[in-house]
Structures are given as C-alpha cells and as structure tokens.
Amino acid sequence: MRIANINGRAALALDGGFLDIAEASDGRFPSSVTALLEHLEALSIWAAQFGEATLGAEELDALASDERLGPVIERPRQIFAIGLNYRLHAAEMGLANPDAPMVFTKFASSLAGQHALVPVVSQATDWEAELVVVIGQEANGVSVDDALRVVAGYCVGQDISDRALQMKGSPAQFSLGKSWRNFSPIGPWLTTADEVVNPNNLSIRCDISGHRFQDSTTEDMVFTVAEIVSYLSGVVTLYPGDVIFTGSPVGVGQGQHPQRFLVPGDTITTSIEGLGTLYCTMVEPS
Ligand code: ZN
C-alpha cells in the first residue's frame, strides 16, 4: 500500500487519485497516518478491494504531482538521523566509516511534504538524498534479525543541511544546522514495508536543477536499516510514527570539486526505487 497525507488526512494512493481512508471506511480506520500504523494488516485486507497494487510508473508520477501532499508523518515523537552512513559518502567528506551509527536529530518543526519550498539560509546549504524509515510499533531492544518487523514502511527524504551552522563550533553539532524550517521534507507517501523486499537493495538518486549528483544504492550503507533500528532500540524506546533518516550516499554538494551548494531557484528531485519521487524548490529566506 501507499498511504499519503492529503490535507492532514490519511489517503490511499489509487489509480486516478487519492481515497480518504477514514471516509471511505465509514470511520472504521482513523484519519491520521500515524494512528493508522497500528492497523496496517486490517487496512491491507480492506484496501485490496481497490486494486491499488496495479499502479504503474505513470500513475505514480501523476499522483506525486498532487499539490496537497503533506509530510507522511506530521508529528513524530522522535526523529533520528544517521550521519556518514554510506561508505563512498564518508570518503567524499574525507572521513573514515564510523564504528557505530552516528546519531543526531532533525527537530520536528523542520518536517515538510512534497513540493516543499526550502530557504537557502547560507552559502553552504546542501542536499542529502535519504531513505527514510517509519516505525510501526513500540520497540525496545529488538534484535537485528527482528528489526524490520517493527518498520511500518519507507519514504523518500531530504536531509537538507546548512554546512555553515552544522560545522560551527568544536566539536561540531549537526542537529540545528539540519533543522531550519522545511529542511526535512519527506514523501511523497509511505510505502508499506510489505512492498519493500530488502531496504538495502534500492537505487537512490538526486538531481539538482536537472543535473544528476547522486546515483547510488542503499547497498552502500555502512549500517543496514535493520542494524540502525536494532541499535537505536537498544538505547531508546521507538514509537509508532518515529522517523529515521538513514544517511545519504555519495554526491552531496560539499563533496564536489569545486563545491556546489544550493541557490534560490534550484529544484531538488529525489527518487528511490519503488518509493516514488520527492520534489523540492529552493527559495530566498523570508
Ligand atoms: Zn544526512
């Protein structure tokens, strides 16, 4: 299933448009995506009548252009992000692969949806295409083998980064420089985990104003999705709706020669195999 946030309400992506789940089910299912996460099995059985599994690339493109698409999850209890989690990206940043997942947060007020307008806040505003995990059930100390069972689904994300603020100070602290308004777009919708055989075998791409800068695969992750979920749940309790940005592959602006940062008017087109395409546009700060 593909579950979208349309004007704050959960909707099923179908050939021809979005179906409001609470309305179409006469209130059997809740109207928020987060509340739905605990009912995915029943929802899947109910949704089978609409035949949404037959959606092709063209239909998905048409759906992804909908201006109403909001962030897949609007108010997660927690957002985690993992730094330097692709081998070739760590190398382009001139750093070694971390020995343990490098964890920071993107504050929740930075979340945005499809077609986000993202302010260029400094001359070192950078892109990072990322696979985003949405947790489906409360989890504590889950093993690597069981970790994917607590994942509700996946979406496409951008970990927009103000490198100036991110690297300011010693030691550097990542969270604030990655949390300006609209710096965390996620979308276009949640693709449920049953549709994703292996989250570490997906192509991931990012085009800036039509030029491809990132073209990689989630196979290059230092720590797999299962390892990240297991690691986090060993320390904190994960809750339904929690969001995890799993790191960005090689090809960010800072890694270019010369470096290439975002300017107002740039478009960011981020795609992950099977999960859709996320569109953002860079604007002057207001
Ligand atoms: Zn990142």
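This one's a predicted model, so the numbers in the text were calculated from it and none came from an experiment.

A.B. asks: Help me understand the pairing of strand E4 (residues 79-83) in this model?
C.D. replies: Every other side chain in a regular strand lies on the same face of the sheet, so the side chains alternate between the two faces. Burial runs high along E4: five of the five residues are buried. Two elements, E4 and strand E15 (residues 243-245), share three bridges in a ladder whose sense is parallel. In the sheet register, Ala81 faces E15, and the bridge partner there is Phe245. Alignment of E4 against strand E5 (residues 102-104), held across three bridges, turns out to be antiparallel. Residue pairing across strands places Gly83 opposite Met102, the latter belonging to E5.

A.B. asks: Looking at this structure, I do not really get unusual backbone geometry. What am I missing?
C.D. replies: Glycine aside, a negative phi is what most residues show, and trans is what most peptide bonds show. Omega for the bond connecting Ser170 with Pro171 falls within 30 degrees of zero, at 0°, which places this linkage in the cis form. Assignment of secondary structure puts Pro171 in the loop between helix H6 (163-166) and strand E12 (184-192). Residues Gly187 and Pro188 are joined by a peptide bond in cis, for which omega reads -5°. Along the chain, Pro188 turns up in strand E12. In the Ramachandran plot, His115 falls in the positive-phi region, its phi being about 65° despite a non-glycine side chain. Along the chain, His115 turns up in the loop between strand E6 (111-112) and strand E7 (116-119). Note on His115: relative accessible area 24%, which makes it partly exposed. Non-glycine residue Ser209 carries a positive phi angle of around 45°. Turning to its location among the elements, Ser209 is positioned in the loop between strand E13 (203-208) and strand E14 (211-217).

A.B. asks: I tried to follow helix H3 (residues 40-47) on my own but got confused; where do I start?
C.D. replies: Side chains of residues three or four places apart in an α-helix project in the same direction, reflecting 3.6 residues per turn. Inspection of H3 places Leu40, Leu43, Trp46 and Ala47 among the buried residues, and these make up the whole buried set. Along H3, the residues classed as buried sweep out an arc of 120° about the axis, all on the same side. Looking at H3, the residues exposed on the side facing more than 90 degrees away from the buried face are Glu41 and Ile45.

A.B. asks: Explain the domain arrangement of the protein here, please?
C.D. replies: By a widely used convention, the size of an interface equals the accessible area lost when the partners come together. Entries for the protein in the domain assignment read domain 1 (2-64) and domain 2 (79-283). Using only C-alpha atoms to locate each centre, domain 1 and domain 2 end up separated by 24 Å. At the junction of the two partners, domain 1 supplies twelve residues and domain 2 supplies 17 residues. For the pair domain 1 and domain 2, the summed buried surface comes to about 1100 Å²; carbon and sulfur atoms form 63% of the total. On inspection of domain 1 and its partner domain 2, the count reaches zero salt bridges. Linking domain 1 with domain 2 are three residue pairs in polar contact (both at pLDDT 80 or more). Those elements that place two or more of their residues in the side of domain 1 that touches domain 2 are strand E1 (2-6) and helix H4 (57-64). Its residues assigned to classes, the side of domain 1 that touches domain 2 shows eight nonpolar, one polar and three charged.

A.B. asks: Sorry, what's going on with the environment of Ser31 here?
C.D. replies: With respect to the helices, strands and loops of the structure, Ser31 is situated in the loop between helix H1 (21-24) and helix H2 (33-36). Assessed through its relative accessible area of 29%, Ser31 is described here as partly exposed. Along the chain, Ser31 and Ile21 lie ten residues apart, while their C-alpha atoms are 6.7 Å from each other. For Ser31, the contacting residues outside a window of four places in its chain are Gly8, Arg9, Ala10 and Ala22.

A.B. asks: I'm lost on the nonpolar core in this one. Help?
C.D. replies: The tendency in soluble globular proteins is for nonpolar side chains to be buried as a group. With 45 residues, the main nonpolar core has Leu131, Tyr154, Val229, Ile244, Ile268 and Leu275 as its most contacted residues. Elements with a contribution of two residues or more to this core: E4, E7, strand E9 (129-135), strand E10 (151-158), E13, helix H7 (225-233), strand E16 (267-272) and strand E17 (276-283). For this core, the element with the highest residue contribution is H7, accounting for five residues. Excluding residues within four positions of it along the chain, Ile268 makes contact with Trp127, Gln158, Ile160, Cys206, Asp207, Ile208, Leu262, Leu278, Tyr279, Cys280 and Met282. Formed by 29 residues, the second largest nonpolar core is a distinct cluster that contains Phe29, Trp46, Ile186 and Val243.

A.B. asks: Before we go on, may I ask you to explain the side chain of Asp126 in this structure?
C.D. replies: Structurally, Asp126 is set in strand E8 (residues 125-126). Since its relative accessible area comes to 0%, Asp126 is described here as buried. Polar contacts involving the side chain of Asp126 include one to the main-chain amide nitrogen of Gly253, which spans 2.7 Å. Among the polar contacts made by the side chain of Asp126, one reaches the main-chain amide nitrogen of Gln254 at a distance of 2.9 Å.

A.B. asks: Before we go on, may I ask you to explain the pairing of E14 in this structure?
C.D. replies: The pairing of E13 with E14 spans six bridges and is classified as antiparallel. Looking at the pairing, Ile204 lines up with Ser216 of E14.

The rules we used
Residues numbered from 1 in each chain as written. Predicted model: local features only at pLDDT ≥ 70, side-chain atom pairs only at ≥ 80, totals over all residues. Heavy atoms only, no water. Buried < 20%, exposed > 50% of the residue type's maximum accessible area, 1.4 Å probe, protein only. Helix = DSSP H or I, 4+ residues; strand = E, 2+ residues; numbered from the N terminus. Pairing = 2+ DSSP bridges. Arc of directions from axis to C-beta. Domains from an automatic or database assignment. Contact = heavy atoms within 4.5 Å. Buried area = accessible area lost by both parts, 1.4 Å probe. Salt bridge = Lys/Arg side-chain N within 4 Å of Asp/Glu carboxyl O. Polar contact = N/O pair within 3.5 Å; in protein donor to acceptor, adjacent residues only side chain to side chain. Nonpolar A, V, L, I, M, F, W, Y, C, P; charged D, E, K, R; others polar. Core = buried A, V, L, I, M, F, W, Y, C linked by side-chain atoms within 4.5 Å.

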